[in-house]
Structures are given as C-alpha cells and as structure tokens.
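The residues making up each chain are set out below.
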Amino acid sequence: MKEIERPTRNNLEGIGGWLNPSRYGWERISYWFQRLTGVFLLVYFIGHVYETSTIVNGQNAWESFLELTQTLWGHLFLIMVIGASTFHSANGIRLIFTHAGIGLGTPGRPDYPYNPASLNYRQKSGIWIALILAAAAMFYGFNVLFGV
Amino acid sequence: MNNTTIDNKNERRITLKVYRENRGQDSGSHHDTFEVPYKKWTTVLDALLYVKSYMDPSVAIRYSCRMASCGSCGMKINGVPKLACYTKISELETSTVECEPLPNFPIIRDLVTDFSRFFNHHKSMQPYIQTNDSTEADNSKGTFSFYQSPEDVDKYLQFSYCIKCGLCYSACPTVGTDLNFPGPQALAQQYRYFADTRDESKKRLDIVDDRHGIWRCHFAGSCSKVCPKGVDPALGIQLLRSYMLGISKNDKIPAKKIEINDDNNNNGKI
Ligand code: HEM
Ligand code: SF4
Ligand code: FES
C-alpha cells in the first residue's frame, strides 16, 4: 500500500485560531483579549521607556515628545492604554486564581446537558466585570482628556 | 394512526456542504453540496449517510456507534467541532450545514482525519493505574479488589468518561500552534489518574512539567465548551496545575486492597 504523505502541520488551525474569538463563548474572548491587551501594553511599555528616556537629551527633546500625547490621536491612544491596562489587570487577577484551580468548582457526576463546572457564572461575571471596569476607566479618561 | 404515518408534504430539505480532499491523490480540495431531506430528529451523521446511500458513495466519513459513545464521528460543523451523530440539523437553525474535517488533525480523506498524534499524546501520559506492589496482578496470591468510597470515585469519574473524540484537541488554541503540547484530552487524563486513589505513580506531575506541557494552557475554556461528555478538561488541567503550584497538597491515601475470598463468599466486603 502506498503510504499517504502527511505533512505534520497539515490542517493545524495556527494563529488564525488565536485571532478568531467568536466561536467558543466568553472564556475564549477573555483569552483573546488578554493576549491582545498584553501585546498592546508591551508595545506601549517599550514606547513609554523610549519616551521617558528622551529626558537625557535635555528638556526640549522631552517636551517635544510629550506634545505627541497632546494631539487628538495621542489622546485616543492614551484612552486605549487606559482601557487595555484596566482589562488586563482585572482579568489577569481572575486568571491567576483560575490557573491555581480556585473558583472553578469541583468534579462531580456529569448529567445531560453536561454544563462544565469550570465555565461557571462566577468566571463569566469576572470577565464581564473586567470589561465594564475597562469601559468605565476609558470613559473617565475621555472626560479628563477631552472634557472642558 | 395519524401521527405514525410519514408526512411527505412537510418534508424539509437542508443544503449539506461537504469538504472533499484525497491526500493520497494530491488533487487539491473543494466543497460538494447536497440537498438532503431531514426531520426534526435527523442528525448530521444521518444526513451524511443519506448522501452516501443515494447521492455520492465516495464521501469518506468515520463513524461507528451513532450514539456519542465511540468518539469517531467528530468533525467541524458550521465552524465548531462537534460529533456528527450528536448534532441535530434542526438544532443548528441554519439553511446550510457545512461539514469539514476536525481542525488540528491531519486530513486523510474528506472528513476522515489522522488521530495518531492525538493518541500518542494520550499514551505519553501513561493512562493506566500504576501500583507499587504486584499483589493484585499475581493470580497465585488470590484475587484482590480496591476499596474506594463514593467520594474517592467522584474525584476522577467525570474525567474517565472521555471517549477520545478529539473535539477538545481541535478547539484548543494552543494545540493549533504547538504540536508538542499534549492538549486538553491528555492533560485531563493525567489528572484522572493523579486523582485516583488506586494509582501510586510518583511521576505524573513530572510528565506534564515541560516547556510544552501544562504551562501552555491559558484557560481559554474552549475544550470544555465543545466536550460532548461533560468531561470538563479545563477543570482537570487547572486542578492538576494547582498541585504543581503547591496550592493544593497531595494528601491522597492509597486505596486499601481487599482480598476476595471465594470460600467465605464475602464478595469483597470488609
Ligand atoms: C496588574 C498588572 C498585570 C497583571 C495582573 C497581569 C496578568 C497577566 C496574566 C495572569 C497573564 C497570563 C494569562 C494567560 O495565562 O493566558 C498575562 C499575560 C500577558 N501579559 Fe500581563 N499582567 C499585568 C500587566 C502587564 C503589563 C504591564 C504588560 C506589558 C508590558 C503585560 C503583558 C502581557 C502579555 C504580553 C501577556 C501574554 C498574553 C497571553 O499569555 O496570552 N501584562 N498577564
Ligand atoms: S475530553 Fe471530551 S472532547 Fe476531549 S476527547 Fe475526551 S470526550 Fe472528547
Ligand atoms: S458515531 Fe460514535 S460518537 Fe458519533
């Protein structure tokens, strides 16, 4: 029999699986958003270190860089940072507990329709609260930056 | 009598869109569509078997039990991994039902995928009970059974319901990018044996303590979302990790062995 050639990576979902959070409920959205905000915060953090390091080139360099954040797009970027860091921290604290097996319920005897204990409403509420906190923080930031 | 007669006038039809590829012939892939009649109780597997019987016998599928027990009919149905025999067309509420091979499993032909990698990960977990003494395996010393209380059984029972259908492996975002990650099924089975009071292996935590091991789980929960048997692999993984992090202490008391003495006919009672 001719052996079927199978590249091992055939049919792997790949990064596309990470990037599409729409199919598996709130926990998958949390996974996607934690990663997205984490990478975004990393980019911000690098930029932030670069920004603050301009002080070694004197006050003028520092101030001309700071002006970037006083533009419309600078404000919008900062509002994104506020939202991302709020969600990432709040949901991150939830994840620290879940990764340690806390708040997920105990194994039992599964019965139809087999609702999994680990995807319980305590966890879903945690995700929703992190999203609401992020929205509230962005709203507050918007008022401070654009408010009269 | 009326409700037992078949009502052909109200027969509904569904468009079945089936992924076709024969990797043996290297001829590329395409989708075929079929118009299939269905009733309220018709499953996706029933519809595929209708296609095979009356329209195109060459459609390749794998199935056996038709009752969510054997775990062989897993496929991507409308974008989500499901058992074809456990998914009713009427419940999908779409006019087209798209059937594709399970993601993260190499395609062999059409909807049939290769489970070797998945089974190898399962085997690497040493999925069997290991004890330190061989009395219960030694026939010359009589027959033994283990004593476990209902509470002892509850600790692992739900994980032992796994039918190895691979839906969780298919839904997991980490598996999708890391071939060396054992996946939710295997990791949950590691917990199943770790929590079993009959098992005395000291190696279980070491097996999953790897750069590509349990630490790659980010609790996206998709495994538990798609599992058709209520195994909740995500729960097993987090509970196992709690032992690895030292949050839970392993205070397992090994199950007592009880000799079954036929002469006294006590049937293993203490
Ligand atoms: C209060 C502060 C923070 C907390 C509590 C926190 C918590 C967490 C946790 C628990 C995870 C792991 C999630 C998982 O296993 O999937 C995570 C992932 C991550 N965090 Fe943070 N974090 C914080 C701040 C930051 C900051 C400031 C940055 C960037 C400079 C950052 C970047 C990342 C990145 C890139 C990931 C990877 C995403 C992933 O694993 O999917 N985090 N964070
Ligand atoms: S854990 Fe559930 S989804 Fe995964 S292989 Fe076992 S039965 Fe299938
Ligand atoms: S045919 Fe056995 S699980 Fe579907």
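Scroll up to find the structure.
Residues numbered from 1 in each chain as written. Chains lettered and ligands numbered in written order. Predicted model: local features only at pLDDT ≥ 70, side-chain atom pairs only at ≥ 80, totals over all residues. Heavy atoms only, no water.

Participant: Describe the layout of surface pockets, naming the residues involved and giving the relevant values.
Facilitator: Empty space within the largest pocket amounts to approximately 790 Å³. Every residue lining the largest pocket is counted, 30 residues in all, and those nearest its centre are A:Pro113, B:Lys82, B:Tyr86, B:Lys225 and B:Cys227. At the level of elements, helix H5 (121-146) of chain A together with strand S4 (80-83), helix H2 (89-92) and helix H9 (222-226) of chain B are the ones that each hand at least two residues to the lining of the largest pocket. The leading source of residues in the lining of the largest pocket is S4(B), at four residues. Of the residues that constitute the lining of the largest pocket, the class distribution is 19 nonpolar, five polar and six charged. Of the domains in this structure, domain 1 (2-113) and domain 2 (116-256) of chain B are the two that each give at least three residues to the lining of the largest pocket. (1 Å grid on protein atoms, 1.4 Å probe; cavity = no way out; pocket = protein on both sides within 12 Å on 5 of 7 lines; lining within 4 Å. Points joined across faces, edges and corners; volume = space filled by probe spheres on them. Helix = DSSP H or I, 4+ residues; strand = E, 2+ residues; numbered from the N terminus. Nonpolar A, V, L, I, M, F, W, Y, C, P; charged D, E, K, R; others polar. Domains from an automatic or database assignment.)

Participant: Would you mind going over the pattern of salt bridges in detail, with residue names and values included?
Facilitator: The full count for this structure, using the stated rule, is 14 salt bridges over all chains. Shared partners join several salt bridges into a network, and the residues in it are B:Arg20, B:Asp32, B:Asp56, B:Arg109 and B:Asp110. (Salt bridge = Lys/Arg side-chain N within 4 Å of Asp/Glu carboxyl O.)

Participant: Report on the site of ligand 1, specifying residues and quantitative values.
Facilitator: Taken together, 14 residues lie around ligand 1, and A:Arg35, A:His88, A:Ser89, A:His99 and B:His218 are the ones closest in. Residues near ligand 1 are shared among chains A and B, making this a multi-chain site. One of the side-chain nitrogen or oxygen atoms of A:Arg35 is found 2.6 Å away from an oxygen atom of ligand 1. In the model, a nitrogen atom of ligand 1 is placed 2.7 Å from a nitrogen or oxygen of the A:His88 side chain. Those elements that place two or more of their residues in the shell around ligand 1 are helix H2 (26-53) and helix H4 (72-99) of chain A. Its residues placed into classes, the shell around ligand 1 shows six nonpolar, seven polar and one charged. (Near = heavy atom within 4 Å. Polar contact = N/O pair within 3.5 Å; in protein donor to acceptor, adjacent residues only side chain to side chain.)

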